[in-house]
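Summary of structural features
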Amino acid sequence: MLILKDIIKNYEEPVLGPIDIEIKSKSFVSIIGASGSGKSTFLRLASGLISQSSGSISYKNSIKPKMGFVFQDSTLLPWRNVIDNVLLPLELTKQNNSESIEKSLNWLERVGLKGKENSFPNELSGGQKMRVSIARALVQGGDFLLLDEPFSALDEVTRRKLEDDLLEIWETNNITVLFVTHSVSQAVYLSQRVVVLSSGPGIILEDLAIEKNLKDGFEETSEFISQVRHLTNILKKERREI
């Protein structure tokens, strides 16, 4: 779906790259690394929110996929209720009509918020706000979801529920997910593939395929523990060498 070739991003100093990576359609890929490794920059480059300093970004069949972006903060507009927050991207692209409302209601149901359409953000829990943000990101029919540490501010129980919800959304809707996190265990639990970035300027230190079956209690398996330990050791070694 997405191919980054020889990507470099500089601001006043080099931030990221060179990076070469291909993100396959319908895959779930997590990006991890220390603060300053360029994880969020990587995500913004992939989404087209910013431009690379050099290198090329291309897409399957030369067609850029529809993308939805979920930030660390839910970024909901406090004066709009839930349904109106989800409708916002459709309004901005002049698609706001009865079909748009139906799409928005459908996505709210998919993320477990049926019946919350008329609630306002200050009436929602942190987890509910994040679900609204995910629904808003996908309401335009996007098939590529990018998330920048979306669960970092949530308690452990809420976070785990949303992780499972996200996996269900990914599997049910055949979307591609690119997920940035500081948590090694979260990356291994969620992903088919984990990419480790070095300290800035970020380059790829490891690109690890994750073999798992969530229905078999993956977190309790020796494979899960081994993969978490392997990736943690890479990050620890990287910090020692800074």
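Residues numbered from 1 in each chain as written. Predicted model: local features only at pLDDT ≥ 70, side-chain atom pairs only at ≥ 80, totals over all residues. Heavy atoms only, no water.

**Observations concerning unusual backbone geometry**
- Cis geometry marks the peptide bond from Gly-17 to Pro-18, where omega comes out at 10 degrees.
- In this fold, Pro-18 is placed in strand E2 (residues 14-23).
- Not every positive phi belongs to a glycine, and Asp-6 is a case in point at roughly 55 degrees.
- Relative to the elements of secondary structure, Asp-6 occurs in strand E1 (residues 2-10).
- On the basis of relative accessibility, which here comes to 40%, the residue Asp-6 falls in the partly exposed class.
- The phi dihedral of Asn-174 falls on the positive side, at around 55 degrees, and the residue is not glycine. (Helix = DSSP H or I, 4+ residues; strand = E, 2+ residues; numbered from the N terminus. Buried < 20%, exposed > 50% of the residue type's maximum accessible area, 1.4 Å probe, protein only.)

**Observations regarding the packing of aromatic side chains**
- Across all of its chains, the model carries five aromatic pairs by this definition.
- For the ring pair Phe-28 and Trp-170, a centre distance of 5.5 Å and an interplane angle of 85 degrees mean the geometry is edge-to-face. With Phe-28 in strand E3 (residues 28-32) and Trp-170 in helix H5 (residues 156-173), this pair connects stretches of sequence that are 142 residues apart. For the pair Phe-28 and Trp-170, a shared accessibility class is recorded, and that class is buried.
- With centroids separated by 4.4 Å and ring planes inclined at 25 degrees, the aromatic side chains of Phe-69 and Phe-71 adopt a geometry described as stacked.
- Overall, the relative accessible area of 28% leaves Phe-71 in the partly exposed class.
- One aromatic cluster is present, formed by Phe-28, Phe-151, Trp-170 and Phe-179 through successive ring pairs.
- When the ring centre of Trp-107 is taken as origin, the NZ or CZ atom of Arg-110, which lies over that ring, is 4.3 Å away. (Phe/Tyr/Trp six-rings, centres within 6.5 Å; stacked < 30°, edge-to-face > 60°. Lys NZ or Arg CZ within 6 Å of the ring centre and 35° of its normal.)

**Side note on the packing of helix H2 (residues 82-92) against helix H4 (residues 126-138)**
- Interaxial distance between H2 and H4 falls to 7 Å at its minimum, and their mutual angle equals 35 degrees. By crossing handedness, the relation of H2 to H4 is classed as right-handed. Of the residues in H4, those touching H2 at Val-82, Asn-85, Val-86 and Pro-89 are Val-132, Ala-135 and Arg-136.
- A breakdown of the residues in the contact of H2 with H4 according to their chemical character gives five nonpolar, one polar and one charged. (Axes fitted to C-alpha atoms, helices over the stretch in contact; angles between N-to-C directions. Left-handed = near helix turned anticlockwise from the far one by under 90°. Contact = heavy atoms within 4.5 Å. Nonpolar A, V, L, I, M, F, W, Y, C, P; charged D, E, K, R; others polar.)

**Some words on the sheet that holds strand E9 (residues 204-209)**
- One open sheet holds the six strands; their spatial order is E5-E6-E7-E3-E8-E9, and the pairing between them is mixed. Single-partner strands in this sheet number two, and they are strand E5 (67-70) and E9. In this sheet, adjacent strand axes meet at a mean angle of 15 degrees when their direction is disregarded. (Pairing = 2+ DSSP bridges.)

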